[in-house]
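Here's the letter readout for the chains.
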Amino acid sequence: MSQPDVTVVVAVYNTMPYLTTCLDSLVGQTIGLDRLEVVAVDDGSTDGSGAELDRYAKRYPGTVRVLHQSNSGGPAAPSNRALDQARGRYVFFIGSDDHLGPEALERLVDAADRWGSDVVLGRMVGTNKRYVHQAIYASTEERVDLFDSELPWSLSNTKLFRRDLIERHGLRFRTDMPMGSDQPFTLEACVRAAKISVLADYEYYYAVKRENAQNITYASRFEERLRCAEELVGCVAGLIEPGPRRDAVLLRHFSWEVAKLLRHEFLDLSRDVQQQVHDRIRKLAEAYLTDGIVARLAPDLRLRLVLARDADLDRLRELIGQQSDKTLPDVTVEGDRWYAHHVGFRDPALGYPDEWYDVTDSAATMLAKLTATGLAWGRDAAGAKALMITAESRWAELTELTAEALRVSVGELTGVTTVTPGGPGTVVRTDFAVDQMLAVVAANGERRVVRAEVTALGGTGSTPLRTDHRVAAPRLLARRGVRFHLVTPTTNHKGQVIVAITPVTPRRFLARLRRIWPSGGK
């Protein structure tokens, strides 16, 4: 039997019915069955995945091989077993709930042969709202550098690898990592590779978020995520010497795996678990969070990580609460710069520079955050029937803006807004004439979110009006020409203020009458 060009490795555990789509996308590849080998390992599935694999092996006996084993607890062991069986010149890894574009393997193999590449990335896209980092796929590149590109943000194993590279360096997956086991494999392959290439000219790989969101990444527990972060940082430190090259890779792991452990769900952990997590993250940061990494971190992540390194648990908790928008900090305004009073601001014991707290670029968005306090029907300045929306802002600075700088809108309609001082902040009132709302409504009606937009300090920010408690106004029956509409101002499940406008058709009118006066009623 001739050597196949590519072996596709599929680790399978309970992924029906997505598995069928995955397998169809493999056997339908334009590279042809004679150049393709699929080695699938059923890791103790209980949902019929094993039987589905056997069905494809029977139907494609020269292409699909299936191995069955007891559940190992993760994709590493079945992937390693499949690698031991692989015969192709290249190896490609695919999640058993994902699928490929029809020309994916042919294009990948052709590029690797043409350029002599050891690793080739084909553009990945997410489906069902699954997030896939896209920066590395900005353009097709014959050669990319792990340390001078966006590659560290795309370290999944869903790539084409030259099998000789894998075997020469004895690369296998970490079976002691229930999640993230593909990243050390991919990282070392990229470190050892003579050439890495990127293809951005085609949708090669479709990463699927299951409807029940049970991909291992989504279902992982906090402790596993923490240990994964520790293992990944340790792996990088063991492979790459200290300096800018190591920092380029660790920037990704501190920004993603480590910093994500310090989001709002951290506050839901018990106090003793919070302390353990803090201690372990501090240890990582003290050892590996260099000045070079700190300088390149996003501002919110920078504060989170340096405080985890430098401050106690209470101050870290306070910052996470502030960044979760549960307690908006005060600001200091100096000239045209805004500085947020996040934890550590101008604290001499910490000595952090003011620019770490500079929120000028987001000041317009901060100013646009209004809290709706009332919805009512009344008359506008011209005496027309109008919806009046009252809101409050904590920012007294709103009163200094021009009329054009603050806009409150319902869909495409901008209301007439007035601002007055109110306590330490500002009261904002906006009137929307009913006739004007009906003039721009779609024929079948619509639900519109009320939004505030502020232009200030060189930027524009826009946010929905929200409420701390449900507010509503009575439903209004309004006419424009010969058509009647029901206009309902209320709040939705997200706490956003909305205006629902529904045309009153004869059918709806009769249905409403039947509800009011049911058959046989009095």
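Nothing here was measured: the structure is a model prediction, and the numbers come from that model.

A. Quick look at the packing of aromatic side chains. If you walk through the whole model with that rule in mind, you get 13 aromatic pairs. On the basis of an interplanar angle of 20 degrees and a centroid distance of 6.3 Å, the ring pair of Tyr 56 and Tyr 60 is categorised as stacked. Exposure class is identical for Tyr 56 and Tyr 60. Each is buried. Relative to Phe 345, the ring of Tyr 339 lies with its centre 6.3 Å away and its plane at 20 degrees, an arrangement referred to as stacked. We classify Phe 345 as buried; its relative accessible area is 15%. Taken together, the ring pairs in this structure connect Phe 93, Phe 161, Phe 173 and Phe 185 into an aromatic cluster.

B. Broad picture of the layout of surface pockets. Roughly 560 Å³ of volume is contained in the second largest pocket. As for the second largest pocket, its lining consists of 25 residues, of which Asp 300, Gln 323, His 342, Val 359 and Ser 362 are closest to the centre. Residue assignment for the lining of the second largest pocket shows that the elements contributing at least two residues are α12 (299–310), α13 (313–323) and α14 (363–368). Among the elements that take part in the lining of the second largest pocket, α12 stands out by supplying four residues, more than any other. Considered class by class, the residues forming the lining of the second largest pocket number eleven nonpolar, seven polar and seven charged.

C. Spatial organisation of helix α3 (residues 76–85). The set of residues buried in α3 consists of Ala 76, Pro 78, Ser 79, Asn 80, Ala 82 and Leu 83. Each element contacted by the buried residues of α3 is listed here: β1 (6–12), β2 (36–43), β3 (64–69), β4 (90–95), α5 (163–168) and α6 (182–192).

D. The arrangement of the side chain of Arg 210 in detail. When you line up the elements, Arg 210 lands in the loop between β10 (205–208) and α7 (216–219). At 3.4 Å, the side chain of Arg 210 and the backbone oxygen of Asn 14 are in polar contact. At a separation of 2.8 Å, a polar atom in the side chain of Arg 210 contacts the side chain of Asp 97.

E. Region of interest: the sheet that holds strand β5 (residues 99–100). Across the sheet, which stays open at both edges, the three strands sit in the order β5-β10-β7 with mixed pairing between neighbours. Every interior strand has two partners, whereas the edge strands, β5 and β7 (124–127), have only one. Of the strand pairs in this sheet, β5 and β10 are connected by two bridges, and their pairing is antiparallel. Looking across to β10, one finds that His 99 is bridged to Tyr 206.

F. Seen up close, the environment of Pro 474. Residue placement: Pro 474 occurs in the loop between β20 (459–464) and β21 (476–480). The class of Pro 474 is exposed, set by a relative accessible area of 59%. Leave out the neighbours within four places in its chain, and Pro 474 touches Trp 377, Val 487 and Pro 489.

G. Region of interest: the side chain of Glu 37. Note that Glu 37 resides in strand β2. The class of Glu 37 is buried, set by a relative accessible area of 3%. In this structure the side chain of Glu 37 is engaged in a polar contact, spanning 3.0 Å, whose partner is the backbone nitrogen of Arg 87. In this view, Glu 37 contacts Pro 4, Val 6, Thr 7, Val 8, Thr 63, Arg 65, Gln 85, Ala 86, Arg 87 and Gly 88; residues no more than four positions away in its chain are not counted.

H. A look at the packing of α12 against α13. One can describe the packing of α12 onto α13 by two numbers: an axis separation of 9 Å at closest approach and a directional angle of 165 degrees. Relative to α13, α12 is oriented roughly antiparallel. For the pair α12 and α13, the sense of crossing is left-handed. Contacts between α12 and α13 involve Asp 300, Leu 303, Arg 304, Leu 307 and Ala 308 on the former and, on the latter, Arg 315, Leu 316, Leu 319 and Gln 323. Residues that form the contact of α12 with α13 fall into these classes: five nonpolar, one polar and three charged.

I. Up close: the packing of helix α8 (residues 222–239) against helix α10 (residues 271–288). Where α8 contacts α10, the two axes come as close as 11 Å, and the packing angle between them is 15 degrees. With respect to their mutual orientation, α8 and α10 come out roughly parallel. The crossing of α8 and α10 is left-handed. Contacts from Phe 222, Glu 223, Leu 226, Arg 227, Glu 230, Val 233 and Ala 237 of α8 reach α10 at Val 277, Arg 280, Ile 281, Leu 284 and Tyr 288. Partitioning the contact of α8 with α10 into residue classes produces eight nonpolar, no polar and four charged.

J. The arrangement of helix α1 (residues 18–27) in detail. α1 sits mainly inside the fold: eight of its ten residues count as buried. For α1, the set of buried residues is Tyr 18, Leu 19, Thr 20, Cys 22, Leu 23, Ser 25, Leu 26 and Val 27.

K. Inspection of a positive patch on the surface at higher detail. On the surface, a cluster of positive charge is contributed by Lys 129, Arg 451, Arg 466 and Lys 494. Checked against the element boundaries, Lys 129 lands in the loop between β7 and β8 (160–162). On the basis of relative accessibility, which here comes to 83%, the residue Lys 129 falls in the exposed class.

Here is what the cut-offs are and how they apply
- Residues numbered from 1 in each chain as written.
- Predicted model: local features only at pLDDT ≥ 70, side-chain atom pairs only at ≥ 80, totals over all residues.
- Heavy atoms only, no water.
- Phe/Tyr/Trp six-rings, centres within 6.5 Å; stacked < 30°, edge-to-face > 60°.
- Buried < 20%, exposed > 50% of the residue type's maximum accessible area, 1.4 Å probe, protein only.
- 1 Å grid on protein atoms, 1.4 Å probe; cavity = no way out; pocket = protein on both sides within 12 Å on 5 of 7 lines; lining within 4 Å.
- Points joined across faces, edges and corners; volume = space filled by probe spheres on them.
- Helix = DSSP H or I, 4+ residues; strand = E, 2+ residues; numbered from the N terminus.
- Nonpolar A, V, L, I, M, F, W, Y, C, P; charged D, E, K, R; others polar.
- Contact = heavy atoms within 4.5 Å.
- Polar contact = N/O pair within 3.5 Å; in protein donor to acceptor, adjacent residues only side chain to side chain.
- Pairing = 2+ DSSP bridges.
- Axes fitted to C-alpha atoms, helices over the stretch in contact; angles between N-to-C directions.
- Parallel < 35°, antiparallel > 145°, perpendicular 65-115°, else oblique.
- Left-handed = near helix turned anticlockwise from the far one by under 90°.
- Patch = residues over 30% accessible without salt bridge, like charges linked within 9 Å, V, L, I, M, F, W, Y side chains within 5 Å.
- Areas by Shrake-Rupley, 256 points an atom, 1.4 Å probe, with all protein chains shown as cover.
- Salt bridge = Lys/Arg side-chain N within 4 Å of Asp/Glu carboxyl O.
- Lys, Arg positive; Asp, Glu negative; His and termini not counted.
- Charge placed at Lys NZ, Arg CZ, Asp CG, Glu CD.

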